[in-house]
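Structural features, examined
The residues making up each chain are set out below.
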Amino acid sequence: MEANKLDRSRTINSKLVVVIPIYQEGSHIKQSIGRIEEILVKHQIRHEFVLVDDGSKDNSWQQLEELASVNSHITALRLSRNFGKESAICAGLEYADGDMVLVMDADLQHPPELIPQMVEAWLEGYDVVEGVKSSRGKENPIYRSLANLFYFIIRKTSDVDLDKASDYKLMDRKVIEAWRKMPERAVFFRGMSVWVGFNRKQISFDVADRTSGESKWSFIRLVRLAINAITSYTSLPLHLITLLGSIMFLGGLILGIQTLFMKFSGRATDGFTTVILLLLLIGSSIMISLGIIGIYLAKIYKEVKARPRYLVASCIKGGEKQC
Ligand code: UDP
Ligand code: MG
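Presented here is an overview of the structure given in this document.

In this section: helix α1 (residues 29-42). The terminal C-alpha atoms of α1, which comprises 14 residues, lie 20 Å apart, in line with the 20 Å expected from a rise of 1.5 Å per residue. Those residues of α1 that fall on the buried side of the exposure criterion are I29, S32, I33, I36, E37, I39 and L40. Along the axis of α1, the buried residues cluster in a sector spanning 160°; they form a single face. Exposed and facing more than 90 degrees away from the buried side of α1 are Q31, E38, V41 and K42. Contacts from the buried residues of α1 go to β1 (16-22), β2 (47-53), α2 (60-70), β3 (74-79) and α4 (115-124). Count one or two residues on from α1 and you reach Q44, which has phi positive near 50°.

Listed below in structure tokens is the structure:
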């Protein structure tokens, strides 16, 4: 889509808010922020930071307190516990009041050198400037194949193509406002920021190695994220159950007719193997189906409870403790 190049409200003086979710990044967070700010200052981009400590157990919060007490451009939030990256991003977006908002990781895997280019694209009139991974950096081949499977399912079942998408995104204020109107409790930033639409531009980048520390994504966490993402975007698995049921009904009908025919023609055999096989097949299909329904049910339950996505324990703004 052609960007609106005549948007005069976008000027060099517009404010960029950088939102960074932080979990156990105490060892290098100061250097990371320093590096990002250096680039912003060099390119004269008016900026603020919203740093969200997602309940880290290391010294991340002390580091953020120190940063926020000397740098009035920094708002630091501490969530009451570890709510997960998605909720941390959510908190950051709700506190960000810039003309544009950029979401990036704390470990410099999202290269800050790209920011001036992203701001440039925003000035041209694009509403969402997304960083797409041209390579995925070092990754375990098993993870890679599972990730491919996940993207395949998402692509086939919804209109959203998430392969190569990253959380590294610059968004216009109106996109953030659209985001704020989305009421769901279970957030999936990458998908939701695609769903909202608007004028989009992609800029590709190479995923750098982590500055230091370790990735927080355990296998179980990734599987949970994948299930959440898929069930948030499509109800196809539920319809597949109906399809499966119909196919089995058809099979049952044919087998039933055959059995009756055998019985009445006096040729009924033991048929024990068939019975066991059928029982196993039907039993497992029912269990899987119940499981799928259960996942959606649990999601509905969570949404109905409507608990807050995160809780803020403390926040520092303009060098002072505000809450
Ligand atoms: N993160 C977070 N809460 C969590 C896990 C991660 O806020 O529960 C943050 C983390 O500090 C980092 C970003 O999310 O800024 C990406 O995390 P990580 O680098 O561990 O993920 P990866 O790059 O391996 O996908
Ligand atoms: Mg990382």
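Our next topic: the layout of surface pockets. In this structure, the second largest pocket occupies an estimated 940 Å³ of space. F83, S87, A186, R224 and K302 are, among the 28 residues lining the second largest pocket, the residues nearest its centre. Elements that contribute at least two residues to the lining of the second largest pocket include exactly α3 (85-95), α8 (219-233) and α10 (272-305). When grouped by side-chain class, the residues that make up the lining of the second largest pocket number 10 nonpolar, 6 polar and 12 charged.

Despite not being glycine, Q44 has its phi angle at roughly 50°, a positive value. Here Q44 lies in the loop between α1 and β2.

Right, let's talk about the packing of aromatic side chains for a bit. A full pass over the atoms with the stated rule returns 1 aromatic pair. Ring geometry for Y168 versus F205: centroids 5.5 Å apart, planes at 90°, classification edge-to-face. Separated by 37 residues along the polypeptide, Y168 in strand β6 (residues 165-172) and F205 in strand β7 (residues 200-206) bring together distant segments of the chain. When sorted by exposure, Y168 lands in the same class as F205, which is buried. Cation over ring: R81 sits above F83, and NZ or CZ is 3.9 Å from the ring centre.

Scoring rules and cut-offs
- Residues numbered from 1 in each chain as written.
- Chains lettered and ligands numbered in written order.
- Predicted model: local features only at pLDDT ≥ 70, side-chain atom pairs only at ≥ 80, totals over all residues.
- Heavy atoms only, no water.
- Helix = DSSP H or I, 4+ residues; strand = E, 2+ residues; numbered from the N terminus.
- Expected span 1.5 Å × (residues − 1).
- Buried < 20%, exposed > 50% of the residue type's maximum accessible area, 1.4 Å probe, protein only.
- Arc of directions from axis to C-beta.
- Contact = heavy atoms within 4.5 Å.
- 1 Å grid on protein atoms, 1.4 Å probe; cavity = no way out; pocket = protein on both sides within 12 Å on 5 of 7 lines; lining within 4 Å.
- Points joined across faces, edges and corners; volume = space filled by probe spheres on them.
- Nonpolar A, V, L, I, M, F, W, Y, C, P; charged D, E, K, R; others polar.
- Phe/Tyr/Trp six-rings, centres within 6.5 Å; stacked < 30°, edge-to-face > 60°.
- Lys NZ or Arg CZ within 6 Å of the ring centre and 35° of its normal.

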